[in-house]
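# Observations on chain architecture
For reference, the chains in residue letters:
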Amino acid sequence: MLEFRFPDIGEGITEGVILKWFVEVGQEVKEGDSLFLVETDKVNAEIPSPANGTILARFGEVGDTINVGDVVVQIGEAGAKAPRPQAEPVAEDNAAVVGALETSDHVLATSSEHEAAAQEPPRRKALATPVARRMAKELGVDINTLVGSGPGGRVMKEDILKAANGQKRPAPQASQAETAAPASPIQPPAPAPAGAQTSGGEERVALTTLGKTVARNMALSKREIPHAAVMDEIDVTELVNFRREAKVWAEREGVKLTYMPFIIKAAALVLQELPIFNASFSAETEEIVLKKYYNLGIAVDTPEGLLVPVIKNADQKGLLRLAREVQSLAEKARERTLSLQEIQGGTFTLTNYGAVGALSGVPVIKHPEAAILGIGAITKRPVVGEDDQIAIRHILPVTLSFDHRFIDGGSAGRFMRKLRAYLEQPVLLLLS
Amino acid sequence: MIQEYTAQLIRDYDALSGRMLQILDEYGVVKEPELMPALSDAEWLELYKTMVLTRAADDKALQLQRQGRMLTYAPNTGQEAAQVGPAAAMAKNDWLVPAFRELGAWLYRGVPLKTVYLYWYGNEYGSHFPEGVRVLPIAVPIGTQLHHAVGVAMASKIKGENDVTVAYIGDGGTSTGDFNEALNFAGVFNAPVVFIVQNNQYAISVPRTKQTIAKTIAQKAVAAGIPGMVVDGNDLFAMYAAVKEAIERARSGGGPTLIEAYTYRLGAHTTSDDPTKYREDSEVEAWKPRDPLGRMKAYLISKGLWSEEQDLALYEEYGAYALEVFRQVEAEGEPRVEDLFKYTYKEMPAHVREQYEEYLQYLEGKVD
Amino acid sequence: MALMNLITAINHTLDLALAQDERVVVFGEDVGVEGGVFRATVGLQKKYGEERVFDTPLAESAIVGTAVGMALNGLRPVAEIQFSGFVYPAFNQIISHVARMRNRTRGQRYLPMVIRMPHGGGIKALEHHSESLDTFFGHIPGLKVVVPSTPYDAKGLLLSAIRDDDPVIFLEPSKLYRAFRQEVPEEDYTIPIGKAKVVKPGSDLTVVSWGAYLHEALKAAELLQAEGIDAEVIDLRTISPLDRETILESVKKTGRFAVVHEAAKSFGPGAELVALVNEGAFLYLEAPPLRLAGFDITIPLPRGEHHYFMDAQRMAAGLRQVANF
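Residues numbered from 1 in each chain as written. Chains lettered and ligands numbered in written order. Predicted model: local features only at pLDDT ≥ 70, side-chain atom pairs only at ≥ 80, totals over all residues.

## Structural notes on the overall build of chain B
When its secondary structure is counted, chain B shows 15 helices and eight strands. Burial status across chain B gives 52% buried among its 368 residues. Sequence separation of at least 24 residues holds for 75% of the intrachain contacts in chain B that already meet a minimum separation of 6. (Helix = DSSP H or I, 4+ residues; strand = E, 2+ residues; numbered from the N terminus. Buried ≥ 20, exposed ≤ 12 C-beta atoms within 10 Å, placed from the backbone. Contact = placed C-beta atoms within 7 Å.)

## Let's talk about the overall build of chain C
Across its full length, chain C holds twelve helices and 14 strands. Buried positions account for 61% of the 325 residues belonging to chain C. When contacts within chain C are restricted to residue pairs at least 6 apart in sequence, long-range pairs at least 24 apart make up 80% of them.

## Concerning the environment of Asn11(C)
Residues and elements named next belong to chain C. Position of Asn-11 relative to the elements: it lies in helix α1 (residues 6-20). The exposure class assigned to Asn-11 is buried, which follows from the 21 C-beta atoms found within 10 Å. The sequence separation of Asn-11 and Arg-39 amounts to 28 residues, and the corresponding C-alpha distance is 7.9 Å.

## Some details on the confidence of the model for chain C
Overall, the prediction assigns chain C a mean pLDDT of 96, with 100% of residues at 70 or greater. Predicted complex metrics record ipTM = 0.87 and pTM = 0.69. (pLDDT = per-residue confidence, 0-100.)

## Observations concerning the packing of helix α8 (residues 212-226) of chain C against helix α12 (residues 312-323) of chain C
All names here are of chain C. For the pair α8 and α12, the least separation of the axes is 8 Å and the interaxial angle reads 60°. In terms of axis orientation, α8 runs oblique to α12. Remark: the crossing between α8 and α12 carries right-handed chirality. Residues Glu-216, Ala-217, Lys-219, Ala-220, Leu-223 and Leu-224 of α8 form the contact with α12, whose participating residues are Ala-312, Met-315, Ala-316, Leu-319 and Ala-323. (Axes fitted to C-alpha atoms, helices over the stretch in contact; angles between N-to-C directions. Parallel < 35°, antiparallel > 145°, perpendicular 65-115°, else oblique. Left-handed = near helix turned anticlockwise from the far one by under 90°.)

## Comments concerning the interface of chain C and chain B
Taken residue by residue, the interface counts 32 residues in chain C and 36 residues in chain B. The element that contributes the greatest number of residues to the side of chain C that touches chain B is α12(C), accounting for three residues. Among the residues forming the side of chain C that touches chain B, the class breakdown is 16 nonpolar, seven polar and nine charged. (Nonpolar A, V, L, I, M, F, W, Y, C, P; charged D, E, K, R; others polar.)

## Overview of the environment of Lys342(B)
Residue and element names in this part refer to chain B. With respect to the helices and strands, the residue Lys-342 is situated in helix α14 (residues 337-342). For Lys-342, a count of 16 C-beta atoms within 10 Å translates into the label partly exposed. Taking C-alpha positions, Lys-342 is 8.8 Å from Arg-353, a pair spaced eleven residues apart along the chain.

## Thoughts on the sheet that holds strand β3 (residues 28-29) of chain A
All names here are of chain A. The sheet built from four strands is open, its strands ordered β1-β8-β6-β3 with antiparallel pairing. Sheet topology places β1 (2-5) and β3 at the edges, where each strand pairs with a single neighbour. One ladder, built from two bridges, connects β3 with strand β6 (residues 53-58); its direction is antiparallel. Counterpart to Glu-28 in the pairing with β6 is Thr-54. (Pairing = 2+ DSSP bridges.)

## What about the sheet that holds strand β4 (residues 193-199) of chain B?
Residue and element names in this part refer to chain B. Taken in spatial order, the six strands line up as β1-β7-β8-β4-β3-β2 in an open sheet, and their pairing is parallel. Across the chains shown, the open sheet's two edge strands, defined by having one partner strand only, are β1 (20-21) and β2 (95-97). Bridge count for strand β7 (residues 228-232) against strand β8 (residues 257-262) is five bridges, and the pairing is parallel. Note that in β8 the partner of Val-231 across the bridge is Ala-261. Along the sheet, helix α10 (residues 236-251) makes contact with β1, β4, β7 and β8, crossing β8 at roughly 170°.

## Things to note about the nonpolar core
Judged by nonpolar contacts, the single largest core of 118 residues is most densely connected at Val207(C), Ala258(C) and Leu319(C). Sequence-distant contacts of Ala258(C), defined by excluding residues within four places in its chain, comprise Leu205(C), Val207(C), Leu290(C), Leu292(C), Leu319(C) and Val322(C). Judged by nonpolar contacts, the second largest core, of 102 residues, contains Ile23(B), Ala74(B), Tyr119(B) and Phe195(B). (Core = buried A, V, L, I, M, F, W, Y, C linked by C-beta atoms within 7 Å.)

## Some details on the packing of helix α5 (residues 260-273) of chain A against helix α6 (residues 319-335) of chain A
All names here are of chain A. For the pair α5 and α6, the least separation of the axes is 9 Å and the interaxial angle reads 115°. Here α5 and α6 pass one another in a crossing that is right-handed. Here Met-260, Pro-261, Phe-262, Ile-264 and Lys-265 of α5 lie close against α6, whose contacting residues are Leu-319, Leu-322, Ala-323 and Val-326. Considering only residue class, the contact of α5 with α6 consists of eight nonpolar, no polar and one charged.

## So, helix α4 (residues 237-252) of chain A
All names here are of chain A. Over its 16 residues, α4 runs 24 Å from end to end, which matches the ideal 22 Å to within 8%, given 1.5 Å per residue. Of all the bends in α4, the greatest, near 30°, is centred on Ala-246. Looking at the residues trailing α4, positive phi occurs at Gly-254, about 80°. (Expected span 1.5 Å × (residues − 1). Bend = angle between axes of the 7 residues up to and from the residue.)

## Describing the pairing of strand β2 (residues 24-28) of chain C
Where a strand is regular, its side chains alternate between the two sheet faces. Residues and elements named next belong to chain C. Counting buried positions along β2 yields five of five residues, so the element is predominantly enclosed. Judged by which residues are buried, β2 turns out to be covered on both faces: Val-24, Val-26 and Gly-28 on one side and Val-25 and Phe-27 on the other are all buried. Here β2 runs beside strand β3 (residues 53-55); their pairing, made up of three bridges, is parallel. Opposite Phe-27, over in β3, you have Phe-54 as the bridge partner.

## As for the pairing of strand β8 (residues 71-76) of chain A
Residues and elements named next belong to chain A. In this structure, β1 lies alongside β8, joined through four bridges in antiparallel fashion. Residue pairing in the sheet places Glu-3 in a bridge with Gln-74 of β8. Bridging between β6 and β8 involves four bridges; their strand directions are antiparallel. Looking across to β8, one finds that Arg-58 is bridged to Val-73.

## Examining unusual backbone geometry
The peptide bond linking His367(A) to Pro368(A) adopts the cis configuration, its omega dihedral lying at 10°. Tracing the backbone shows Pro368(A) in the loop between β18 (348-352) and β19 (371-375). Omega for the bond connecting Ser240(C) with Pro241(C) falls within 30 degrees of zero, at 0°, which places this linkage in the cis form. Within the secondary structure layout, Pro241(C) lies in the loop between β12 (238-240) and α9 (244-254). A positive phi angle is found at Gln201(B), which is not glycine, with a value near 80°. You can see Gln201(B) is positioned in the loop between β4 and β5 (202-203). Judged by C-beta crowding, with 18 C-beta atoms within 10 Å, Gln201(B) ranks as partly exposed. A positive phi angle, close to 65°, is found at Asp30(C), a residue other than glycine. Secondary-structure assignment places Asp30(C) in the loop between β2 and α2 (44-48). The exposure class of Asp30(C) is buried, given the 26 C-beta atoms found within 10 Å.

## Let's talk about the environment of Ala268(A)
Residue and element names in this part refer to chain A. By secondary structure assignment, the location of Ala-268 is in helix α5. Along the sequence, Ala-268 and Leu-419 sit 151 residues apart, while their C-alpha atoms lie 9.6 Å from each other. The contact partners of Ala-268, leaving out residues within four places of it in the chain, are Tyr-294, Leu-296, Ala-314 and Asp-315.

Written as structure tokens, this is what we have:
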């Protein structure tokens, strides 16, 4: 059913008077047939039907004034019910020469030009570059709470890092107890108490910002790098003995001497001899980028997640210095006081899961490095000697995960051989 | 100094002569039998039918606009002879360069009515003509098309072809700088172009006497050094004859001509214009008897070639045809989104493609 | 006070200006007898006579060039160009003379003239009737460019324009001509050129717009409000000179910026605003500034124009990106 409204016939009219009807209710009409004659101030116009059909209803009698937009006729199927039409707003003089202007009676709010706009007290907003803002977001710091130390009060990256490291950890929920205090470099992570929800047989634990970063990086590494691994068990009895003596000297210097500095030193030496392990792979340019510097990362597990502080130029540092650095970096990691410098620029990583008693593992390469050395627990084991005699020796299991796109098993084997040589005969570390 | 032209009409009806060429008067009587163009009765009847089609299609478009189905439309009422006559005088490969009020010429030259309706319906395919139809699209900025016409004509010459270009403009357009520049160029380069000014006495509300105080528009040709002539625009015979002579002059290397078709805009400027605001009804009424269709009908009936009944039937038939064509336009008139983006350049540049794809995504409800 | 739509407000303003200052003259195509194709000048010729309100032949270059001459000789002409799409022949006069006369003569001669024209699209018209020339005019040093979005603002801005000793391009959004009415005081008042207006204060996001789009942007802001995004909407009102202070103050408060305009995106007015925001409020930004603008295509004819011109929904979708960055 079609409701036909008195159209704007473009001659500047807004209303007219019905002079004559050409159709009756119930009459059949064809498109174009004249429906009625309307008189306006300017002309008398015959208004044609827009469609074929039957006149269901007529609104307005001869002599009535109708406005543009008023429903005048309903056309439809014979016998159809004709509902009351809706009223339309009056259309004004719609002159335009071209186009169709929307004409409406809608009234806008009165202008408040000369009223003062209500002033909201401004929220405190930090000044910072987009890079700094992103960093704050990633480290979970609300940048607007910081006081900037930069020019004009700008919040600098240092300000953000300081805040990130100094942030209190969220209070744990009653049911979750923290495991052992930070004594060894690796701890099992406590479940993040903030945001824990319990329902039915499930509990949802939200990740910390660091946790999210770790998750992302692990997935990236495994997705991009085809991992392969070789394992070995190194007889470190000589090293154990050597360390026992050296430990005493180190303590006098105030340094706690673990096995890590020795392994780091050995790894640095091997990397110099097999540079392909101190590299990264560029997929777009299909190149291996060999690094001429040796920044060895040490994986540290913190309650919030994994951090990998880096010892810069490990090849140039003596054992004691390495020991000192390992100790201080681990502490800073646990206290979240590491600087950006201290976690950037790594070329090779070592991870010590032996500290929690694990024998072997298959570590995940820290993207975009080429390899990672996993270090297990040293245990005493019976070993068959050269003269077929059984002896009790100290055995260190190690695993080397490597990027199989450009490192093959042969190279990995060579790496292991060299590493073993250094760790079986620690005096070689001094001689190199 | 009045130029000497060899062809008869331009010699006798030259712009400064003060005379207007008329062959058929408003009563349908041939006043200048020796000037009658050599077309057969059947051919004149065909031309008349084209004028009836023009009128019927025009009226139907107006009706449809009143129903809110057609957008703004510029009617041709009263100017059919000034459009069909010249179109009929053109050869197959001649070019037509319109302004925007030449329905009769477009239809005669092969632009389908559906395409014309598509244009006014608001779809760009209304300017996409069939292969081989040498008609340029409507030019909305007034007068700009005349330069195109001169260029088309010059190109024909350069290519060694003897095609002629026929260009249209209104009386309003003759006040533009472009009009003057184009006539001048055409003269300098001896371009094979015929300029037709449809002087329908109005440029929206501005009457011809306020557009220029020159006595005729045709005399503006004198300034450019080209022949000009005033013709009764409502006389199909005269329009045909004058334009035919001008076309042949151009085709044989005689250069451009300006023809002023003296006619009247019986309708409004467009469907959104109200002429009663600026002109008297009595003036309109005075011009109605001079309607080009009326006098041709009278002529054809007087020669026993036509009848009132046939006339009415033809008008109705064409009206129904026009309506049917419009229904097709309504059914197909929405453009594809891709078309909006595809034709700005030959190859869609990257930034445009990006915008297009982003918009498609938005339409599919996938919002970022 | 009277309820007026945009056209009536302009008509009323011209009436006021003609009455107050006998140097003011109004002319253009169909402006006198008919009162303008949109009726902006209706009744004025009858009231002030044919010497001060008149029709011209069809020649835009002449209309503007003649206005230049009149202004040089002591009048204050208000010339009308029938549609912004017809102004191109007059560009030569505008760029070569209207914008330069003061500088050329080191201030001795200047042009206190106004060129008015319908602007922008969405009125289902032919080609060349939907143009947005903000950038074209804004880029020319020496011109002031104004775009009112309400009847109240139109009167205040037009009076300022007529009284300004610099040439002003007055762009009237044709879509808004009869779209609504507003209370307009009948006495004299002006709105300064170069002053934007915060039409909806907010704290989360700065949205700058003008002309017909300003009203859609307000509707978009309403949609966002329901989602908890408190947008601040600014009506630019003057394209050139830009009200940098108002915009920057707002961005410094909200940290997020979007500009919404009809004109095509590339090299459009939005680019200028984004540059302004980057230069003046870089450290306050929490999201990249966004331009929501017309596609880089020829504006479609009526059947396709709804794809080109944005409605509040499409604006809101774009604004959400900035709000949620």
